[in-house]
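Take a look at the letters that make up each chain.
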There are 2 protein chains.
Amino acid sequence: MRQVMIIGAGMTRFGDRMDKGASELLLEAFDEAIRNVDKGMDRRDIEMAFIGNQGVGGSQLALIAAQMVEALGLYGIPAFRVENACSSSSFAFINAVQAVASGACDIAIAGGVEKMREISGKQVRQWMGVAGDNEWERQIGITFPGAYALAAQRHMLDFGTSREQLSQVAVKNHEHGFNNSKTHLKMKITLEKALKSPIVAYPLNVFDCCPTSDGASVVIICAKDVVSKYTDRPVTVLGYGAASDAISISNRYTITSLIATTRAAQRAYQMAGITPREVSFAEVHDCFTIAEIMAYEDLGFCPKGEGGKYVEEGHTKLGGTRPVNVSGGLKSKGHPLGATGTAQIMEVFKQIRGEVEPQRQVDNNKIGLTHNAGGFGGTATVCIFGMR
Amino acid sequence: MRQVMIIGAGMTRFGDRMDKGASELLLEAFDEAIRNVDKGMDRRDIEMAFIGNQGVGGSQLALIAAQMVEALGLYGIPAFRVENACSSSSFAFINAVQAVASGACDIAIAGGVEKMREISGKQVRQWMGVAGDNEWERQIGITFPGAYALAAQRHMLDFGTSREQLSQVAVKNHEHGFNNSKTHLKMKITLEKALKSPIVAYPLNVFDCCPTSDGASVVIICAKDVVSKYTDRPVTVLGYGAASDAISISNRYTITSLIATTRAAQRAYQMAGITPREVSFAEVHDCFTIAEIMAYEDLGFCPKGEGGKYVEEGHTKLGGTRPVNVSGGLKSKGHPLGATGTAQIMEVFKQIRGEVEPQRQVDNNKIGLTHNAGGFGGTATVCIFGMR
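Every value quoted in this text rests on a predicted model; they were computed, and no experiment measured them.

Participant: Can you break down the overall build of chain A residue by residue, with the values?
Facilitator: Along the backbone of chain A there are 12 helices and 11 strands. For 388 residues, the compact-globule estimate of 2.2 N^0.38 gives 21 Å, and chain A sits close to it at 19 Å. Out of the 388 residues belonging to chain A, those deemed buried represent 68%. Of the contacts formed within chain A by residues at least 6 apart in sequence, a portion of 77% connects residues at least 24 apart.

Pasting the structure below:
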């Protein structure tokens with residue numbers, strides 16, 4: 001397998017982006033990515049494009065990838081749309097890595113885009129809900145807040161996880177996201193405010209839930225053989241893994257763990273030849289606060305059941321032993337479904353190169369991990385990056 | 001790049017399949033594929049799945065691939081949904097080939113499924129139309145019959161292609177499809193009947209248009225290194241190419257050619273190290289009769305403008321110099337969008353192994369080509385197969 005590296009990354013500000021359509025958002029992210037390639041890059045060097053998207057609101061509803069590459073000025077290249085709900089662009093990234101690793105091309109982009117803010121409240125719930133089990137569960141109220149609320153209740157019952165520990169995830173990620181220029185919900189919150197916010201699905205409050213956002217992100221990947229033409233500081237894909245799980249939670253044997261995450265992580269650690277202990281920092285899929293606590297455990301950062309204690313002890317905040325979601329995460333930075341996966345990868349790319357805002361640069365930036373889940377863990381990816 | 005081979009393929013009967021849902025159709029195709037692996041195969045040997053689908057009618061609308069692999073009994077493996085409209089499963093196939101070629105896995109499946117018959121007339125047009133240009137063209141009548149009708153008119157004007165030549169494509173493909181047990185429209189038609197059928201979009205009649213179908217198809221691909229465990233008669237992927245084009249036809253410089261096809265074909269021929277002359281037989285994207293005539297030209301089977309004469313002279317019928325769409329093609333066999341690409345590949349796989357119904361087995365089955373287009377050529381793939 002040829003070694004694959006990242007040489008550039010870009011993203012839009014996440015949030016209310018009524019100023020731009022989907023293809024214009026993706027172009028904004030792509031332009032930033034290509035501008036930031038150290039030694040410059042001609043966009044005609046890009047040979048393939050893999051675009052993650054769940055469902056562009058309002059305009060192009062199918063054959064999206066072709067429209068997107070046309071908008072990026074990449075006329076004629078093979079364009080693949082990959083749809084795996086909230087994990088669409090990290091799956092697009094894996095396809096791109098495999099395309100380059102196979103020798104089919106030297107340079108590819110992976111990215112994603114979503115427009116969610118032009119759809120009003122009830123419709124956005126319906127539209128997102130279609131990534132859950134439609135035949136049996138969604139119709140009886142198992143929306144995503146509902147599913148994660150069940151997970152939180154069970155986690156509290158089985159492991160003694162507290163309401164405060166859930167809120168500590170939110171407080172931490174808003175603290176982190178406040179210093180990210182791309183953040184959707186740019187506001188610090190207190191523990192008291194988080195605890196007293198209105199209930200969405202018990203025990204999850206408003207501040208346990210990530211927002212729905214507009215946004216786009218793009219990363220440029222390159223075979224090691226040609227990387228020196230573009231940069232002397234590439235970030236290497238050390239390992240990756242992906243997995244699926246039953247869509248319906250009634251077919252799972254646990255709801256306090258996302259089995260797709262544990263399977264994807266096993267593969268990624270094996271390929272990278274590392275253990276969880278060696279991960280310096282991570283971007284994990286915190287669509288709800290309980291999801292981040294479960295991710296700590298499923299990724300092996302702490303023993304099963306101790307995720308609540310792990311955040312409470314401060315391990316995952318900036319300056320802690322293993323900072324998590326220093327970008328702000330989905331919770332504060334925002335969650336435009338198709339854009340989230342490659343936005344996480346961009347954060348790790350920039351952290352490893354020491355290029356984020358100084359206030360949120362991690363000290364030990366040797367090995368960074370991304371974790372992206374689709375739906376309630378129906379799919380998941382784990383990717384590991386470093387400079388070696 | 002590791003050499004990649006096909007070791008099994010299966011598909012459902014195309015047509016009205018109100019008896020089964022999408023995942024049940026895919027399971028039917030998958031069961032046939034795995035049953036037909038010469039030396040047998042345990043489904044647990046399958047490591048990744050790439051599923052093409054434009055939009056499953058009525059049930060799972062996102063995160064489809066995870067639901068599908070669960071239905072196939074492939075619990076937990078990485079599952080990617082690829083959506084490139086009518087070309088979804090041939091793009092899924094290319095992703096699968098690249099995954100195996102990269103060494104990320106040894107065995108993968110690529111397949112596709114679509115449920116189109118449970119949607120009534122007006123809605124299916126709207127639903128399919130979303131793969132055209134939604135911002136500018138679809139709303140003013142450039143549906144797919146409309147776009148291909150414009151192409152036909154221009155082809156007739158520029159090259160003297162006749163109304164009869166269009167119908168000869170339909171007559172030929174219905175003749176071929178009559179002997180395929182999986183065919184949707186299993187009926188022979190006369191030239192008179194085709195010519196006199198009602199107008200859909202001038203000059204295209206009912207018999208110039210393929211049906212909308214339910215159906216699914218699956219192919220199993222394997223790295224050369226481990227192929228001997230499964231079969232002594234694998235079919236090799238000799239080359240492949242993919243490309244995109246402007247979604248909106250107003251951004252094209254020609255409508256009598258699909259430039260995505262010519263680009264994809266160039267790459268595929270180059271990778272296979274052959275010229276068009278060496279292609280023994282082909283499955284091409286005949287969503288409309290004019291599309292097949294354009295494909296002859298775009299694939300280099302005959303000079304530009306001579307596609308009408310090429311079918312009239314009988315080159316592309318069974319027994320001719322280069323049989324095209326011996327399966328019946330989209331026109332007769334049917335066109336369940338997401339399933340079409342891998343169904344074409346299955347046909348070539350079986351033809352090369354000499355395993356189709358004797359009445360439609362081609363004599364010279366050395367090198368087979370598949371051509372699959374998305375929308376009005378917004379995307380296209382060309383794949384070349386042989387036993388060498």
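Participant: Summarise the packing of helix α6 (residues 163-177) of chain B against helix α9 (residues 289-298) of chain B; cite the residues concerned and give the values.
Facilitator: Residue and element names in this part refer to chain B. Contact pair α6 / α9: the axes reach a minimum separation of 8 Å and the direction vectors enclose 95 degrees. By the angle between their directions, the pair α6 and α9 is classed as roughly perpendicular. Residue-level inspection shows Gln165, Leu166, Val169, Ala170, Lys172 and Asn173 of α6 in contact with α9, the latter providing Thr289, Ile290, Glu292, Ile293 and Tyr296. In terms of residue class, the contact of α6 with α9 is made up of six nonpolar, three polar and two charged.

Participant: Quick rundown of the relation of the copies chain A and chain B? Include the residues and the values.
Facilitator: Overlaying chain A on chain B yields an RMSD of 0.0 Å, the required transformation being a rotation through 180 degrees with an accompanying axial translation of 0.0 Å. Such a combination of rotation and displacement between the chain copies is what one expects of a two-fold axis. Taking the C-alpha atom as reference, chain A places Ser102(A) closest to the rotation axis, 1.8 Å from it. Here 100% of the interface residues in chain A have copies in chain B that are interface residues too; the copies meet face to matching face.

Participant: Requested: an account of the nonpolar core, with residues and values cited.
Facilitator: Nonpolar side chains tend to gather and get buried jointly when the protein is soluble and globular. Formed by 80 residues in total, the largest nonpolar core has its most connected members in Phe93(A), Ile221(A), Phe385(A), Phe93(B), Ile221(B) and Phe385(B). The contact partners of Ile221(B), leaving out residues within four places of it in the chain, are Val4(B), Met5(B), Ile6(B), Phe93(B), Ala96(B), Val97(B), Val100(B), Asp106(B), Ile107(B) and Ala108(B). Counting residues in each nonpolar core, the second largest holds 60 residues, with Ala264(B), Ala265(B), Tyr269(B) and Ala272(B) among its members.

Participant: Requested: an account of the packing of aromatic side chains, with residues and values cited.
Facilitator: For any pair of aromatic rings, geometry is given as the distance between the ring centres together with the angle between the planes. Applying the stated criterion to the full structure yields 12 aromatic pairs over all chains. Ring centres 4.9 Å apart and planes at 85 degrees place the aromatic pair Phe91(A) and Phe80(B) in the edge-to-face group. Separated into two different chains, Phe91(A) in helix α3 (residues 88-102) and Phe80(B) in strand β3 (residues 79-82) make up a pair that spans both. The buried category is assigned to Phe91(A), whose relative accessible area is 0%. Under the relative-accessibility criterion, Phe80(B) is labelled buried at 0%. By way of ring pairs, the aromatic residues Phe50(A), Phe80(A) and Phe91(B) are connected into one cluster. Lying over the aromatic face of Phe301(A), Arg322(A) brings its terminal NZ or CZ to 4.5 Å of the ring centre.

Participant: Describe the environment of Lys196(B), naming the residues involved and giving the relevant values.
Facilitator: All names here are of chain B. Here Lys196 is to be found in helix α7 (residues 191-196). Looking at Lys196, the relative accessible area reads 73%, which means it is exposed. Linking Lys196 and Phe207, residues 11 residues apart in sequence, is a C-alpha distance of 9.0 Å.

Participant: Break down helix α1 (residues 22-35) of chain B for me, citing the residues and quoting the values.
Facilitator: Residues and elements named next belong to chain B. For α1, spanning 14 residues, the distance from its first C-alpha to its last is 20 Å, which sits close to the expected 20 Å at 1.5 Å a residue. Three or more residues of α1 are buried, namely Ala22, Ser23, Leu25, Leu26, Ala29, Phe30, Glu32, Ala33 and Ile34. Buried residues along α1 sit in contact with β1 (4-11), β2 (48-52), α2 (64-71), β4 (107-114), β7 (215-223) and α12 (337-352).

Participant: Describe in detail the environment of Ala62(B), supporting the description with residues and values.
Facilitator: With respect to the helices, strands and loops of the structure, Ala62(B) is situated in the loop between β2 and α2. Sequence separation between Ala62(B) and Phe178(B) is 116 residues, and the spatial gap between their C-alpha atoms is 36 Å. With sequence-adjacent residues up to four places away left out, Ala62(B) is seen in contact with Gln54(A), Glu83(A), Val130(A) and Ala131(A).

Participant: Residues and numbers for unusual backbone geometry, please.
Facilitator: Cis geometry is found at the peptide bond from Tyr202(A) to Pro203(A), where omega equals 5 degrees. As for its placement among the helices and strands, Pro203(A) is situated in the loop between β5 (199-201) and β6 (204-205). With phi around 55 degrees, Leu63(B) is a residue other than glycine that occupies positive phi space. For Leu63(B), the location among the structural elements is in the loop between β2 and α2.

Participant: Go over the interface of chain A and chain B with me, naming the residues and quoting the values.
Facilitator: One frequently used descriptor of interface size is the decrease in accessible area upon assembly of the parts. Contacts between the two partners involve 57 residues from chain A and, on the opposite side, 57 residues from chain B. Summing both sides of the interface, chain A and chain B together bury roughly 4300 Å²; the carbon and sulfur share of this comes to 54%. Of all residues in chain A, Leu63(A), Tyr75(A) and Phe80(A) bury the most surface against chain B, accounting for 16% of the area lost on that side. The interface formed by chain A and chain B holds two salt bridges in total. Close ionic contact of Arg81(B) with Glu83(A) constitutes a salt bridge, the shortest N to O distance being 2.8 Å. The tally of links from chain A across to chain B stands at 18 residue pairs in polar contact (both at pLDDT 80 or more). Here the side of chain A that touches chain B gets seven residues from one element, more than from any other, and that element is α3(A). Among the residues forming the side of chain A that touches chain B, the class breakdown is 30 nonpolar, 19 polar and eight charged.

Participant: Outline the side chain of Arg17(B), supporting the account with residue identities and numerical values.
Facilitator: Residues and elements named next belong to chain B. Mapped onto the secondary structure, Arg17 falls in the loop between β1 and α1. At a separation of 3.0 Å, a polar atom in the side chain of Arg17 contacts the side chain of Asp19. For Arg17, the residues in contact, after removing those within four places along its chain, are Thr12, Leu25, Glu28, Lys115 and Asp214.

Participant: Hey, could you go over the side chain of Thr340(B) for me, with residue numbers and the actual values?
Facilitator: Residue and element names in this part refer to chain B. Residue placement: Thr340 occurs in helix α12. Engagement of the side chain of Thr340 in a polar contact is seen with the side chain of His335, the distance being 2.6 Å. When near neighbours in sequence (up to four residues on either side) are disregarded, Thr340 contacts Cys86, Ser89, His285, Leu330, Gly334, His335 and Asn372.

Participant: Tell me about α6(B), and please be specific about residues and values.
Facilitator: Residue and element names in this part refer to chain B. If you check α6, its first and last C-alpha atoms are 22 Å apart, about what 15 residues at 1.5 Å a residue would give, namely 21 Å. When you tally the buried positions in α6, you get 11 out of 15 residues, the bulk of the element. In this fold, the buried residues of α6 make contact with α5 (144-159), α7, β6 (204-205), α9, α10 (307-312) and α11 (329-333).

Participant: Now, about the pairing of β1(B): what can you tell me, with residues and values included?
Facilitator: All names here are of chain B. Most of β1 is tucked away: eight of the eight residues are buried. In the sheet, β1 pairs with β7 via seven bridges, with the strands oriented antiparallel. Along β7, the bridge assignment pairs Gly10 with Val218. Here β1 runs beside strand β8 (residues 235-244); their pairing, made up of two bridges, is antiparallel.

Analysis parameters
Residues numbered from 1 in each chain as written. Chains lettered and ligands numbered in written order. Predicted model: local features only at pLDDT ≥ 70, side-chain atom pairs only at ≥ 80, totals over all residues. Heavy atoms only, no water. Helix = DSSP H or I, 4+ residues; strand = E, 2+ residues; numbered from the N terminus. Rg over C-alpha atoms; globule rule 2.2 N^0.38 Å. Buried < 20%, exposed > 50% of the residue type's maximum accessible area, 1.4 Å probe, protein only. Contact = heavy atoms within 4.5 Å. Axes fitted to C-alpha atoms, helices over the stretch in contact; angles between N-to-C directions. Parallel < 35°, antiparallel > 145°, perpendicular 65-115°, else oblique. Nonpolar A, V, L, I, M, F, W, Y, C, P; charged D, E, K, R; others polar. Least-squares fit on C-alpha atoms with pLDDT ≥ 70 in both. Core = buried A, V, L, I, M, F, W, Y, C linked by side-chain atoms within 4.5 Å. Phe/Tyr/Trp six-rings, centres within 6.5 Å; stacked < 30°, edge-to-face > 60°. Lys NZ or Arg CZ within 6 Å of the ring centre and 35° of its normal. Expected span 1.5 Å × (residues − 1). Buried area = accessible area lost by both parts, 1.4 Å probe. Salt bridge = Lys/Arg side-chain N within 4 Å of Asp/Glu carboxyl O. Polar contact = N/O pair within 3.5 Å; in protein donor to acceptor, adjacent residues only side chain to side chain. Pairing = 2+ DSSP bridges.

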